[in-house]
Amino acid sequence: MMRHKDQDKEQHEEQHEKEHEGRYTAQRIALPDGYRLHDVLAFHSRDAESVAEQISPERLRKGVVMDGVPLVLDIALTPAAAEYTVLADPQPAHRIPAPHAAGGTRAAAAPPAALPAALAAQARDAVLNVLGLRIDPQPFLDFASGDALLGELSRRQPGLRIVQSATVFEALTWAIIGQQINLPFAISLRRTFILQAGTEHSSGLWCYPDAAAAARLQVEELTSRKFSRAKAETLLRFATLVASGELDLAPGPGNSIEDIGKALLAVKGIGPWTVNYGLLRGYGYPDCSLHGDVAIRAALQALLGEDSKPDMPRTEEILKRYAPHRTMAAAHLWASLHPRAED
């Protein structure tokens with residue numbers, strides 16, 4: 001009789017372990033007063049057919065590959081806090097081809113035995129990014145409080161934040177994809193890129209690819225799916241440079257954000273707008289000048305009450321007034337085009 005009870009206990013423990021396989025301890029992040037959750041959810045739900053994000057009023061789930069490991073960041077949201085859990089799938093060596101028309105891979109069932117500390121730190125950084133918690137909005141509000149152009153606008157949007165991509169690589173590839181095309185088309189190309197280079201997590205959510213996976217694509221795999229050849233070549237050129245280590249995206253001693261920006265500008269097909277937008281969405285860099293952004297110029301036209309958009313040189317001069325807070329100035333200008341009632 002005791003032997004049967006022991007067997008039952010072992011079976012229960014085994015089932016419990018399977019239910020929690022690949023699920024790592026929930027972590028809690030306090031949210032600041034006045035946190036605009038609606039903005040965050042709206043940013044991540046721009047693609048109505050999203051394959052890498054799942055959004056609900058109380059939850060944000062994001063798929064991304066980090067260090068070759070497919071992860072889902074499962075973030076439960078309340079007005080006061082975000083509690084996230086990392087769901088990990090196996091290393092690339094354990095993946096099997098996905099039975100999909102897309103060229104990505106499907107992860108096998110067994111996750112890593114434990115989430116390495118460095119990967120756990122990357123996952124936490126990604127959560128802070130996607131929740132827009134990198135740049136404190138208050139310094140810009142103080143700076144612009146008496147400004148004739150943005151003072152009143154900023155007072156109407158006191159909790160506005162910059163929401164970022166999960167990783168720097170995602171931000172920069174998104175910037176390349178979005179070059180000189182409208183937003184709906186850019187979103188559809190992003191979806192194609194994820195399905196071609198990404199990995200399907202065992203949960204069914206697709207994970208945004210890392211540089212190594214993207215570098216394995218061929219140009220024709222993208223051009224056959226509505227990418228221009230120039231855009232496809234730039235995207236894969238960038239991914240190859242990052243995957244090989246020739247282009248180092250990690251800031252640190254001897255590799256400042258300014259250094260990274262210069263290195264990016266040296267890549268064929270990447271210009272100032274792509275660099276600034278990538279620094280904004282990837283690093284939360286506080287002083288990006290988006291003078292080449294059409295929406296920024298349209299917002300300035302409306303605020304200035306003029307008949308045409310200011311040209312890029314004039315826009316650059318206007319934005320210089322807000323250094324070193326030009327990123328938040330851009331955020332307020334973008335938001336001015338889509339005002340909403342406060343929650």
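The sections below set out a description of the structure shown in this document.

So, the overall build of the protein chain
Here's step 1: Per the secondary structure count, the protein chain includes 15 helices and 9 strands.
Here's step 2: Burial status across the protein chain gives 51% buried among its 343 residues.
Here's step 3: Only carbon and sulfur atoms are counted for the fraction: they give 53% of the accessible area of the protein chain, which is about 16500 Å².

Quick notes on the nonpolar core
Here's step 1: Core analysis: the biggest nonpolar cluster contains 97 residues, and I75, L131, F193, F238, L249 and L264 have the highest contact counts within it.
Here's step 2: Setting aside residues no more than four positions away along its own chain, F193 makes contact with T173, I177, G198, Y208, P209, A214, L217, F227 and L235.

A few points about the side chain of R190
Here's step 1: Within the secondary structure layout, R190 lies in helix α7 (residues 183–197).
Here's step 2: For R190, a relative accessible area of 11% corresponds to the buried category.
Here's step 3: Setting aside residues up to four positions removed in sequence, R190 forms contacts with E53, K62, E170, W174, I177 and Y208.

Description of helix α6 (residues 168–177)
Here's step 1: The element α6 is largely enclosed, with a buried count of 10 among its 10 residues.
Here's step 2: Every buried residue belonging to α6 is among V168, F169, E170, A171, L172, T173, W174, A175, I176 and I177, and all of these are buried.

Some details on the environment of I29
Here's step 1: Structurally, I29 can be placed in strand β1 (residues 23–30).
Here's step 2: Exposure remark for I29: the relative accessible area of 6% places this residue in the buried category.
Here's step 3: Linking I29 and A81, residues 52 residues apart in sequence, is a C-alpha distance of 5.6 Å.
Here's step 4: If near-sequence neighbours (up to four positions away) are discounted, I29 is found in contact with A81, A82, Y84, R124, V127, L128 and L133.

Digging into the packing of aromatic side chains
Here's step 1: Scanning the entire structure with this criterion turns up 4 aromatic pairs.
Here's step 2: With centroids separated by 5.7 Å and ring planes inclined at 65°, the aromatic side chains of F193 and Y208 adopt a geometry described as edge-to-face. Of this pair, F193 sits in helix α7 while Y208 sits in the loop between β9 (206–207) and α8 (211–215), and the two are 15 residues apart along the sequence. Each member of the pair F193 and Y208 is classed as buried.
Here's step 3: Aromatic side chains Y277 and W334 sit 6.1 Å apart centroid to centroid with 70° between the ring planes, which places their arrangement in the edge-to-face category. Here Y277, found in helix α12 (residues 272–283), pairs with W334, found in helix α15 (residues 326–336); they are 57 residues apart in sequence, far enough to count as distant.

Comments concerning the pattern of salt bridges
Here's step 1: For the coordinates displayed, the defined rule picks out 17 salt bridges.
Here's step 2: A salt bridge links R134 to D125; the nearest nitrogen and oxygen atoms lie 3.2 Å apart.
Here's step 3: For R134, a relative accessible area of 36% corresponds to the partly exposed category.
Here's step 4: Owing to a relative accessible area of 37%, D125 belongs among the partly exposed residues under this scheme.
Here's step 5: A salt bridge links E152 to R155, with the shortest nitrogen-to-oxygen separation between them at 3.2 Å.

Points about unusual backbone geometry
Here's step 1: Put simply, A323 and P324 share a cis peptide bond, and its omega is 5°.
Here's step 2: Take P324: it is sitting in the loop between α14 (312–320) and α15.
Here's step 3: Of note, Q180 is a non-glycine position whose phi angle comes to about 55°, a positive value.
Here's step 4: By the secondary structure assignment, Q180 is in the loop between α6 and α7.
Here's step 5: Residue classification places Q180 among the exposed positions, given a relative accessible area of 85%.

As for the sheet that holds strand β5 (residues 81–88)
Strand pairing within a sheet occurs via backbone hydrogen bonds; the two strands may be parallel or antiparallel.
Here's step 1: Strand order across the open sheet formed by 5 strands is β1-β5-β4-β3-β2, with antiparallel pairing between neighbours. In this open sheet, the two strands that pair with only one neighbour each are β1 and β2 (53–56). In this sheet, neighbouring strand axes are inclined to one another by 20° on average, regardless of whether the strands run parallel or antiparallel.
Here's step 2: Bridging between β2 and strand β3 (residues 59–66) involves 4 bridges; their strand directions are antiparallel. From the neighbouring strand, I55 faces β3, where its bridge partner is L60.

Definitions and limits used
- Residues numbered from 1 in each chain as written.
- Predicted model: local features only at pLDDT ≥ 70, side-chain atom pairs only at ≥ 80, totals over all residues.
- Heavy atoms only, no water.
- Helix = DSSP H or I, 4+ residues; strand = E, 2+ residues; numbered from the N terminus.
- Buried < 20%, exposed > 50% of the residue type's maximum accessible area, 1.4 Å probe, protein only.
- Areas by Shrake-Rupley, 256 points an atom, 1.4 Å probe, with all protein chains shown as cover.
- Core = buried A, V, L, I, M, F, W, Y, C linked by side-chain atoms within 4.5 Å.
- Contact = heavy atoms within 4.5 Å.
- Phe/Tyr/Trp six-rings, centres within 6.5 Å; stacked < 30°, edge-to-face > 60°.
- Salt bridge = Lys/Arg side-chain N within 4 Å of Asp/Glu carboxyl O.
- Pairing = 2+ DSSP bridges.
- Axes fitted to C-alpha atoms, helices over the stretch in contact; angles between N-to-C directions.

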